[in-house]
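# Observations on chain architecture
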Amino acid sequence: MIGKLLAAFIGNRIDRADGKGGVKGAVVGLAVERLLTRLGPIGWVLAALFLVLRFFWRLIFPKRKVRYVRS
């Protein structure tokens, strides 16, 4: 259950990054879920490590707001 939720989250993030809706995020989410189930505990550790590193990376390097100057 948690794996399916994590896969849906990852698929949603991929669809948002692309800017287009579609099947790509769902397919990647499904592939991630299958990979996590095949790897077992090692897959869960890798997924948790990925999420923690992403969280800390955003804390260290926050997104800057871009201001456009009208000419």
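Residues numbered from 1 in each chain as written. Predicted model: local features only at pLDDT ≥ 70, side-chain atom pairs only at ≥ 80, totals over all residues. Heavy atoms only, no water.

### Overview of the packing of aromatic side chains
Applying the stated criterion across every chain yields a total of two aromatic pairs. On the basis of an interplanar angle of 65° and a centroid distance of 5.5 Å, the ring pair of phenylalanine 55 and phenylalanine 56 is categorised as edge-to-face. Overall, the relative accessible area of 46% leaves phenylalanine 56 in the partly exposed class. Centroid distance tryptophan 57 to phenylalanine 61: 4.8 Å. Interplanar angle 55°. Geometry classified as tilted. With relative accessibility at 56%, the residue tryptophan 57 sits in the exposed group. (Phe/Tyr/Trp six-rings, centres within 6.5 Å; stacked < 30°, edge-to-face > 60°. Buried < 20%, exposed > 50% of the residue type's maximum accessible area, 1.4 Å probe, protein only.)

### Focus on a nonpolar patch on the surface
A surface patch of nonpolar side chains, amounting to about 800 Å² of accessible area, comprises Val52, Phe55, Phe56, Trp57, Leu59, Ile60 and Phe61. Summarising the element assignment, leucine 59 is placed in helix α3 (residues 41–60). Classification of leucine 59 by relative accessible area gives exposed; the value is 55%. (Patch = residues over 30% accessible without salt bridge, like charges linked within 9 Å, V, L, I, M, F, W, Y side chains within 5 Å. Areas by Shrake-Rupley, 256 points an atom, 1.4 Å probe, with all protein chains shown as cover. Salt bridge = Lys/Arg side-chain N within 4 Å of Asp/Glu carboxyl O. Helix = DSSP H or I, 4+ residues; strand = E, 2+ residues; numbered from the N terminus.)

### Topic: helix α2 (residues 24–39)
For α2, spanning 16 residues, the distance from its first C-alpha to its last is 22 Å, which sits close to the expected 22 Å at 1.5 Å a residue. Taken together, the buried positions of α2 are Gly25, Gly29, Glu33 and Leu36. Projected down its long axis, α2 shows its buried positions confined to an angular sector of 75°, all on one face. Exposed side of α2, more than 90 degrees from the buried face: Leu30, Leu35 and Arg38 are the residues found there. Following α2 by one or two positions, glycine 40 adopts a phi angle in the positive range, close to 70°. (Expected span 1.5 Å × (residues − 1). Arc of directions from axis to C-beta.)

### A look at the environment of glycine 25
Assignment of secondary structure puts glycine 25 in helix α2. The exposure class of glycine 25 is buried, given its relative accessible area of 2%. Considering only alpha carbons, one finds glycine 25 and alanine 8, 17 residues apart in sequence, at a separation of 8.3 Å.

### Structural notes on the confidence of the model for the protein chain
Confidence along the protein chain averages 76 in pLDDT terms, with 80% of residues attaining 70 or more. Across the protein chain, element-level confidence peaks in α3 with a mean pLDDT of 84 and bottoms out in helix α1 (residues 2–18) with 70. (pLDDT = per-residue confidence, 0-100.)

### A word on the environment of arginine 34
Note on placement: arginine 34 falls in helix α2. Each C-alpha atom, one on arginine 34 and one on lysine 4, is 9.2 Å from the other, the two residues being 30 residues apart in sequence.

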